[in-house]
Amino acid sequence: MTLEEKQIEIVEEFEVFDDWMDKYEYIIELGKELPIISEENKTEDKLIEGCQSRVWLHYEVKDGKMQFSADSDAIITKGIIGLLIRVMNNESPETIATANLHFIADIGLQEHLSPTRANGLASMVQRLKMSALKAI
Amino acid sequence: MVEEKMKVPFDVEQIRKQFPTLSQQVYGKNLVYLDNGATSQKPQVVIDAIAKYYSEDNSNIHRGVHHLSQVATEQYENARATIQRYINAPLLEEVLFTAGTTAGINMIAFSFGETLKEGDEIIISAMEHHSNIVPWQMLCERKKCVLKVIPINQKGELKMDVFESFLSEKTKLVSVTHISNTLGTINPIKEIIDQSHQAGAKVIVDGAQSIQHMKIDVQELDCDFFIFSGHKVFGPTGVGVVYGKKEMLDILPPYQGGGDMIAKVTFEKTTYNVLPHKFEAGTPNISGGICLGTAFEFLAEQDLDAIAKHEHHLAKFAEEEIVKIEGARIIGTAQNKTSVVSFVIDGLHPFDIGTLLDKQGVAVRTGHHCTQPLMDFFEIPGTIRASFAFYNTMEEVEIFIKALKRSVEMLR
Ligand SMILES: Cc1ncc(COP(=O)(O)O)c(C=O)c1O
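Reading the values: rules and limits
- Residues numbered from 1 in each chain as written.
- Chains lettered and ligands numbered in written order.
- Predicted model: local features only at pLDDT ≥ 70, side-chain atom pairs only at ≥ 80, totals over all residues.
- Heavy atoms only, no water.
- Helix = DSSP H or I, 4+ residues; strand = E, 2+ residues; numbered from the N terminus.
- Rg over C-alpha atoms; globule rule 2.2 N^0.38 Å.
- Areas by Shrake-Rupley, 256 points an atom, 1.4 Å probe, with all protein chains shown as cover.
- Lys, Arg positive; Asp, Glu negative; His and termini not counted.
- Charge placed at Lys NZ, Arg CZ, Asp CG, Glu CD.
- Expected span 1.5 Å × (residues − 1).
- Buried < 20%, exposed > 50% of the residue type's maximum accessible area, 1.4 Å probe, protein only.
- Arc of directions from axis to C-beta.
- Contact = heavy atoms within 4.5 Å.
- Domains from an automatic or database assignment.
- Buried area = accessible area lost by both parts, 1.4 Å probe.
- Polar contact = N/O pair within 3.5 Å; in protein donor to acceptor, adjacent residues only side chain to side chain.
- Nonpolar A, V, L, I, M, F, W, Y, C, P; charged D, E, K, R; others polar.
- Near = heavy atom within 4 Å.
- Pairing = 2+ DSSP bridges.
- Axes fitted to C-alpha atoms, helices over the stretch in contact; angles between N-to-C directions.
- Salt bridge = Lys/Arg side-chain N within 4 Å of Asp/Glu carboxyl O.
- Phe/Tyr/Trp six-rings, centres within 6.5 Å; stacked < 30°, edge-to-face > 60°.
- Lys NZ or Arg CZ within 6 Å of the ring centre and 35° of its normal.

**Student:** Teacher, can you tell me more about the overall build of chain A here?
**Tutor:** Counting secondary structure elements, chain A contains 6 helices and 3 strands. Listed by position from the N terminus, the elements making up chain A come as α-α-β-β-β-α-α-α-α. A compact globule built from 136 residues would reach a C-alpha radius of gyration of about 14 Å, and chain A, at 14 Å, matches this within 12%. If one aligns the C-alpha atoms of chain A with their principal axes, the spans along those axes are about 40 × 30 × 25 Å. Carbon and sulfur atoms make up 50% of the accessible area of chain A, which totals about 6,500 Å². Side-chain charges in chain A split into 14 positive and 25 negative, and the spacing between the mean points of these groups amounts to 6 Å.

Here it is as structure tokens:
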């Protein structure tokens, strides 16, 4: 599946929700399910300090593809990170560096990526892209 | 001296009608606005006054000979007089317009700071807003003064015995919040002022959270400065007030230089204007000042005792319901408290709860509320804070509690 196809898949998954709370219920489940970063990787240098919630981001490059793991102390943030990683994982650094992550806006969660949102997600996406640039 | 105006009997439904922002829906739900500690909504009279100023009276003040300038100047000075009466300041020139609490504290920190020398001591408390911490740290660095912090107990009350032990002839200034924005604690401000004065220190009261909840009489308090923001007291943003005793304002040097604050400027020497203009350099927020006056006229008509009872009732009910939730803990359980309810729920992040409440139409604040040292003291990353105003209803508290329970269930 291409990065674009993965985005479309997520958008379709979210189309069944017409209520905000159902949408968040789903994001929370994603957040709860994902053991997305190992404790030894939750180090200071991988921490992205938001004003309210904190995010850790770890990455590796294997066979030219990027592997991300991440975590947050807030579960909604964690659920959204889960979605981001699903889209970005196993992609080449080039693809990630130039990716247009429209699915977040498409499913109505743009507010979470606003730099003023104070949850560290905007900085996380930035750091994701930076790490891809470094790996090119 | 204070005029006794006819008070309107308190009726929350009548009050709500005057605040248009309250009757809207967010995400398809009726808005329940419980973030009054951050800023208050505005009554129609204030909104109308803003529109009137810009559509009819806009002009620069204290400068023009023309008609509009005189109209605007008169309104601006009338607003000052309204505020003077409201807080019972002895003199008109003791009421200075600023941009807000932060601007006011920085102004006094600078000007008062100019009179300090190495080793002088300034006292603040552990529950201060960052805007009553950082300006003093900056000053202490600049002037090599010493900052002392009154500790608090687990309930969120000041340790007054420690405060007393801090006071000495080295203490020059005590700057304390009247009410904590995070905990709701009402501090024994009169006691603090009297004891500080006995030690020869001056007192600044951060009134950002008290002016909208209780009658403030600066003569009765006898504080040297009382500072607040307009936007938290039903007025516009970008305007605030510093009340300062004339004897203090006379001896302090001006803060900013520019237009309006001068008597005569030559390149050799500039002399300063009289109070209050000495501290009001440049074109001020004219509309803000005038409409803050409107907000105080509105407030002066309200029955503050009935309002305090109503707000207390709301907060008490909310607290009783919150503690029934498993793992919930109220942060700030002082004896003497205003209508602020801060809490945490074990294992759940305030950010998650705030996000889910928002989607159910309930506006609260989550995070550290600009009081990070306080969060460190309680060893928590932040709280969820519901802060009530007189236009909130019991029904809204019920909606909030129901939404909170639903959020907790979803997150567990
Ligand atoms: C106790 C206290 N002091 C100071 C401030 C700062 O006020 P402003 O941001 O309006 O300058 C606030 C506002 O949150 C406050 O609650």
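**Student:** For this particular structure, what's the right way to read helix α2 (residues 44–57) of chain B?
**Tutor:** For an α-helix the count is 3.6 residues per turn, leaving residues at separations of three or four pointing the same way. All names here are of chain B. Taking 1.5 Å of rise per residue, the 14 residues of α2 would be expected to cover 20 Å, and the 18 Å separating its terminal C-alpha atoms lies within 8% of that figure. Listed in full, the buried residues belonging to α2 are V46, A49, Y53 and D57. Each buried residue of α2 sits inside an arc of 60° when the element is viewed along its axis, so together they form one side. With respect to the buried face of α2, the exposed residues turned more than 90 degrees away are Y54 and S55. Those residues of α2 that are buried lie in contact with α3 (67–87) and α10 (286–300).

**Student:** Before we go on, may I ask you to explain unusual backbone geometry in this structure?
**Tutor:** A negative phi angle characterises most non-glycine residues, just as the trans form characterises most peptide bonds. Residue and element names in this part refer to chain B. Cis rather than trans, the peptide bond between L275 and P276 has omega equal to -5°. Its location among the elements puts P276 in the loop between β12 (270–272) and α10. You will see that N88, though not glycine, has its phi angle at about 55°, which is positive. As for its placement among the helices and strands, N88 is situated in the loop between α3 and β4 (95–98).

**Student:** How should the domain arrangement of chain B be read in this particular structure?
**Tutor:** Accessible area lost when the parts come together is the quantity often used to give the size of an interface. All names here are of chain B. Domain assignment breaks chain B into domain 1 (12–30 + 303–411) and domain 2 (47–300). Using C-alpha coordinates to define each centre, domain 1 is positioned 29 Å away from domain 2. Every contact between the two is made by 31 residues of domain 1 and, on the other side, 27 residues of domain 2. Summed over both partners, the interface of domain 1 with domain 2 comes to about 2,500 Å²; 62% of that surface belongs to carbon and sulfur atoms. Inspection of the region where domain 1 meets domain 2 yields 13 residue pairs in polar contact (both at pLDDT 80 or more). The element that contributes the greatest number of residues to the side of domain 1 that touches domain 2 is helix α13 (residues 372–378), accounting for 6 residues. Taken together, the residues that form the side of domain 1 that touches domain 2 break down as 16 nonpolar, 12 polar and 3 charged.

**Student:** Could you clarify how one ought to interpret the site of the ligand in this entry?
**Tutor:** Residues and elements named next belong to chain B. Every residue near the ligand is listed here: T101, T102, H129, S131, T177, N181, D206, A208, Q209, S229, H231 and K232. One nitrogen or oxygen atom from the side chain of D206 is found 2.6 Å from a nitrogen atom belonging to the ligand. For the ligand, whose free accessible area comes to 390 Å², the fraction covered by protein is 86%. Residues that form the shell around the ligand fall into these classes: 1 nonpolar, 9 polar and 2 charged.

**Student:** Please clarify how the sheet that holds strand β5 (residues 121–125) of chain B should be interpreted in this entry.
**Tutor:** Sheet strands pair by backbone hydrogen bonding; their relative direction is either parallel or antiparallel. All names here are of chain B. Sheet architecture is open: 7 strands sit in the order β4-β10-β9-β8-β7-β5-β6, paired in mixed fashion. Two strands bound the open sheet, and with one partner strand each, they are β4 and β6 (146–150). Each strand axis lies, on average, 20° off the axis of its neighbour in the sheet, ignoring direction. With 5 bridges connecting them, strand β7 (residues 171–177) and strand β8 (residues 202–206) associate as parallel partners.

**Student:** Please clarify how the pattern of salt bridges should be interpreted in this entry.
**Tutor:** Side-chain pairs of opposite charge can arise where the charged atoms are in close proximity. What the rule picks out here adds up to 26 salt bridges over all chains. The partner of K42(A) in a salt bridge is D71(A), with the nearest N and O atoms 3.1 Å apart. Taken together, the residues span a long stretch of sequence, with K42(A) in the loop between α2 (20–33) and β1 (47–49) and D71(A) in strand β3 (residues 65–72) at a distance of 29 residues. Overall, the relative accessible area of 6% leaves D71(A) in the buried class. Among the ionic pairs, E56(B) bridges to K52(B), the shortest N-O distance being 3.7 Å. Placement of the pair is E56(B) and K52(B) together in helix α2, with a separation of 4 residues, close to one helical turn. The partly exposed category is assigned to E56(B), whose relative accessible area is 48%.

**Student:** Quick question: what am I supposed to make of the packing of aromatic side chains here?
**Tutor:** The description of an aromatic ring pair uses the distance of the two centres, along with the angle that the planes make with each other. This structure, assessed with the given rule, holds 22 aromatic pairs over all chains. Their ring planes at 75° and their centres at 5.9 Å tell us that F19(B) and F298(B) sit as a pair that is edge-to-face. Here F298(B) lies in helix α10 and F19(B) lies in the loop between α1 (12–17) and β1 (25–26), a separation of 279 residues in the sequence. Ring centres of F390(B) and Y391(B) lie 5.7 Å apart, and the angle between their planes is 45°; on these two criteria the pair is classed as tilted. An identical accessibility class is assigned to F390(B) and Y391(B); each is buried. Members of the aromatic cluster, joined through ring pairs, are F19(B), F234(B), F298(B), F390(B) and Y391(B). Across the ring face of W20(A), the terminal group of K23(A) is positioned such that the distance to the ring centre comes to 4.4 Å. When the ring centre of W56(A) is taken as reference, the NZ or CZ atom of K42(A) above it lies at 4.7 Å.

**Student:** Help me understand the sheet that holds β1(A), please; the structure alone is not making it clear to me.
**Tutor:** Residues and elements named next belong to chain A. Read from one edge to the other, the open sheet built from 3 strands follows the order β1-β2-β3, with strand pairing classed as antiparallel. Strands at the two margins of the open sheet, each flanked by one partner only, are β1 and β3. Each neighbouring strand pair of the sheet contributes to a mean axis angle of 25°, computed without reference to strand direction. As defined by bridge partners, β1 adjoins strand β2 (residues 54–62) across 3 bridges and the pair is classed as antiparallel. Each residue of the ladder has a partner; that of I48, found in β2, is V55. Sitting on the sheet, helix α6 (residues 121–135) is in contact with β1, β2 and β3, with an inclination near 20° to β2.

**Student:** Looking at this structure, I do not really get helix α14 (residues 394–411) of chain B. What am I missing?
**Tutor:** For α14(B), with 18 residues, the first-to-last C-alpha span of 26 Å sits near the 26 Å given by 1.5 Å per residue. Taken together, the buried positions of α14(B) are occupied by E396(B), V397(B), F400(B), I401(B), A403(B), L404(B), S407(B), V408(B), M410(B) and L411(B).

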